[in-house]
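Overview (structure and organization)
Chain by chain, the residues:
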Amino acid sequence: MLYLAIDQHRKQLTVNLRNEQGDVILKRQVSTEWPRVRSFLEAVQKQSAPEGGFVTILEVCGFNDWLLKLLAAYGCRETVLIQPEKRTKNKTDRRDANALGELLWTNRQRLLAGKKVQNVRRIVPPSDRDAEDRQLTALRQRLGWLRTRTINKVQHLLLKHNLQQECPTKGLQTQRARKWLAKLPLGAIDRLELNQLLAQWALWDKQLAELEPKIRQRQAENPTAAIVATVPGAGAYSSLALACRIGSIERFPHARSLAHYWGLTPRSRNSGDATQRLGSITKQGSALARFLLAQMVMHVLRRDLVLKDWYRRIKRRRGAKIARVAVMRRLATILWHLVKYQQAYQPGGGKNGKTTAT
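The following paragraphs examine the structure supplied in this document. Given the structure is predicted, the values throughout are model-derived calculations rather than measurements.

Of the regular secondary structure elements, the protein chain holds 13 helices and eight strands. With the C-alpha coordinates of the protein chain rotated into their principal frame, the extents come out at 75 × 60 × 45 Å. The contacts in the protein chain between residues at least 6 apart in sequence include a share of 56% that link residues at least 24 apart. Total accessible area computed for the protein chain in this model is approximately 20,800 Å², and 50% of it derives from carbon and sulfur atoms. Mean positive and mean negative side-chain charge positions of the protein chain (64 and 28 charges, respectively) differ by 9 Å.

So, about unusual backbone geometry. Although it is not a glycine, Asn 119 sits at a positive phi angle of roughly 65°. As for its placement among the helices and strands, Asn 119 is situated in the loop between α4 (108–112) and β6 (122–123). Phi at Gln 342 is positive, roughly 55°, even though this residue is not glycine. For Gln 342, the position within the fold is in the segment after α13 (320–341). Owing to a relative accessible area of 55%, Gln 342 belongs among the exposed residues under this scheme.

What follows covers helix α7 (residues 188–220). Compared with an ideal rise of 1.5 Å per residue, which puts 33 residues at 48 Å, α7 spans 49 Å between its outermost C-alpha atoms and is within 8% of the ideal. Looking at α7, one finds that the buried residues are Asp 190, Arg 191, Leu 194, Leu 197, Leu 198, Trp 201, Trp 204, Leu 208, Leu 211, Ile 215, Arg 218 and Gln 219. Lining the buried residues of α7 we find α5 (128–160), α6 (175–183), α8 (223–228) and α9 (236–246).

Counting across every chain of the model gives three aromatic pairs. A ring pair is formed by Trp 34 and Trp 66, whose centres lie 5.4 Å apart and whose planes are at 75°; its orientation type is edge-to-face. Separated by 32 residues along the polypeptide, Trp 34 in helix α1 (residues 34–48) and Trp 66 in helix α2 (residues 65–73) bring together distant segments of the chain. Overall, Trp 34 belongs to the partly exposed group, its relative accessible area being 42%. For Trp 66, a relative accessible area of 24% gives the class partly exposed. In this arrangement the basic side chain of Arg 178 is found over the ring face of Trp 201, its NZ or CZ atom lying 4.0 Å from the centre. In this structure, Arg 251 packs its charged tip against the face of Tyr 261, placed 4.9 Å from the ring centre.

Turning our eyes to something else, we now look at the nonpolar core. Counting residues in each nonpolar core, the largest one holds 47 residues, and the members touching the most others are Val 231, Leu 242, Trp 262, Leu 293, Leu 331 and Leu 335. Sorting the residues of this core by element identifies α5, α7, α8, α9, α10 (255–261), α11 (287–303), α12 (305–318) and α13 as the ones contributing at least two each. At 11 residues, α13 tops the list of elements feeding residues into this core. Beyond its immediate stretch of four places on either side in the chain, Val 231 contacts Met 296, Val 300, Leu 331, Leu 335, Leu 338 and Tyr 345. Counting 19 residues, the second-largest nonpolar core is a separate cluster that includes Leu 4, Leu 17, Val 44 and Leu 70.

The next subject is a positive patch on the surface. Side chains of Lys 86, Arg 267, Arg 269, Lys 283, Arg 312, Lys 315, Arg 316, Lys 321 and Arg 324 sit close together on the surface and give a patch of like positive charge. Counting only elements with at least two residues in the positive patch, the list comes to α12 and α13. Counting residues per element, the positive patch draws most heavily on α12, which supplies three residues.

Here we take up the sheet that holds strand β4 (residues 54–59). Here we have six strands laid out as an open sheet, ordered β3-β2-β1-β4-β5-β6, and mixed in their pairing. Sheet topology places β3 (24–31) and β6 at the edges, where each strand pairs with a single neighbour. Note: strand β1 (residues 2–8) against strand β2 (residues 12–18), six bridges, orientation antiparallel. Within the sheet, the bridge partner assigned to Ile 6 lies in β2 and is Val 15. Here α2 sits on the sheet in contact with β1, β2, β4 and β5 (78–82), set at roughly 175° to β4. Packing of helix α3 (residues 93–106) onto the sheet brings it into contact with β1, β2, β3, β4 and β5, and relative to β2 it is tilted by some 40°.

Definitions and cut-offs
- Residues numbered from 1 in each chain as written.
- Predicted model: local features only at pLDDT ≥ 70, side-chain atom pairs only at ≥ 80, totals over all residues.
- Heavy atoms only, no water.
- Helix = DSSP H or I, 4+ residues; strand = E, 2+ residues; numbered from the N terminus.
- Contact = heavy atoms within 4.5 Å.
- Areas by Shrake-Rupley, 256 points an atom, 1.4 Å probe, with all protein chains shown as cover.
- Lys, Arg positive; Asp, Glu negative; His and termini not counted.
- Charge placed at Lys NZ, Arg CZ, Asp CG, Glu CD.
- Buried < 20%, exposed > 50% of the residue type's maximum accessible area, 1.4 Å probe, protein only.
- Expected span 1.5 Å × (residues − 1).
- Phe/Tyr/Trp six-rings, centres within 6.5 Å; stacked < 30°, edge-to-face > 60°.
- Lys NZ or Arg CZ within 6 Å of the ring centre and 35° of its normal.
- Core = buried A, V, L, I, M, F, W, Y, C linked by side-chain atoms within 4.5 Å.
- Patch = residues over 30% accessible without salt bridge, like charges linked within 9 Å, V, L, I, M, F, W, Y side chains within 5 Å.
- Salt bridge = Lys/Arg side-chain N within 4 Å of Asp/Glu carboxyl O.
- Pairing = 2+ DSSP bridges.
- Axes fitted to C-alpha atoms, helices over the stretch in contact; angles between N-to-C directions.

If you want it as C-alpha cells, here you go:
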C-alpha cells in the first residue's frame, strides 16, 4: 500500500508519497487546477494498484470538501483527516507534508483500524446530510450576528447624540421604534449612515425569515434534533445545530467524550508533585455548540430544580461564571444520554437520574 500526505492550500497541494517500507518515493507540488490535480491522482491510482491501493492524510481546513470527494473518486481506500498542530518555528509546506507522511506511515496500523493515536486529534467527516445542516445553521448564526452588529451600530449613533432616551419604546426592535428612526432628524452624514443601517437591518430580517422554514423542515426530519428539542430552551435552530454537530453518537464511548469534543473540559498541566493544575476549558470543539449550550443554561435552570440546586452549590464555592460553564458541561453529558438511549429530557433526571449524571 502507498501512503499519500497532502498539505492543502488554495492554489497548490504539497504532496509526499511513501511506500510500504516508509521510503519517500515522491515529493512535489501539484496545482489545484482541475486537469493537473486529476492527472496526479490518476497517476497515483495506477501506481498504487499493484501495491493494494493508497490511503491519504491531510489536515482539516475550510475547503477540504472538493478534495475529499475527488480522493474517493480516484479509489483512495481511506482518508485520515486530522486537526492541525501548532505552528513550528521552521515551517514550510514541504516539511509539513513530510511530517504528515511520517505520521501516517508510523501509525498506519492504528489509524486504519480506527484506533486512537497519542497527540493526534482525528476528525470524522460529517455525513452529507449533517454537512448541509451544519452549513445551514452556521448561516443562521452568521445572519444573527450581522443583525446584532447592525443594531449595535444604530444604538451607538443614538448615543453619539444622546437621543436614545427619546425612543418611543424601551427597545429598538419594534415597529414604532423603526418608524421613529426613519424620521429622526439628524445631520446629513449621520442621516445617510442611519438609512444604510436600517436598510441592512431590513435585509438581515428578510434573509433570516427565509431561513426559518427551511430550518424547521430539516429539524422535523432529523430524529436526533427531535430528542435535543425536548431540552428546555432548545428550539428548531438550536436543536438542529447541536444534533448535526453530534452526528453518530456511537463515536462517543462515554458521556464525557461529547463534553470533551465540544471543548467543555478543563485544561490540565499536571507534572511531578503538581497534580491539580486544572485551568479554563479547552475550547477545542465547536464554538457554535458552546454558544447554544450557554443560551440554554438559563432556560434549563428555570425548569430543572435539581440542576438549579447543583448550580447554586457550585456558584457559592466558585462563582457564577464557573457554575454556568459547569452546567454547560453537564448539559453536554445529558444530551449524550438522551441521544444514546433515545429518551426525552426529564427535569431532575427522571426515576434513575441518568440524564443529569456526569
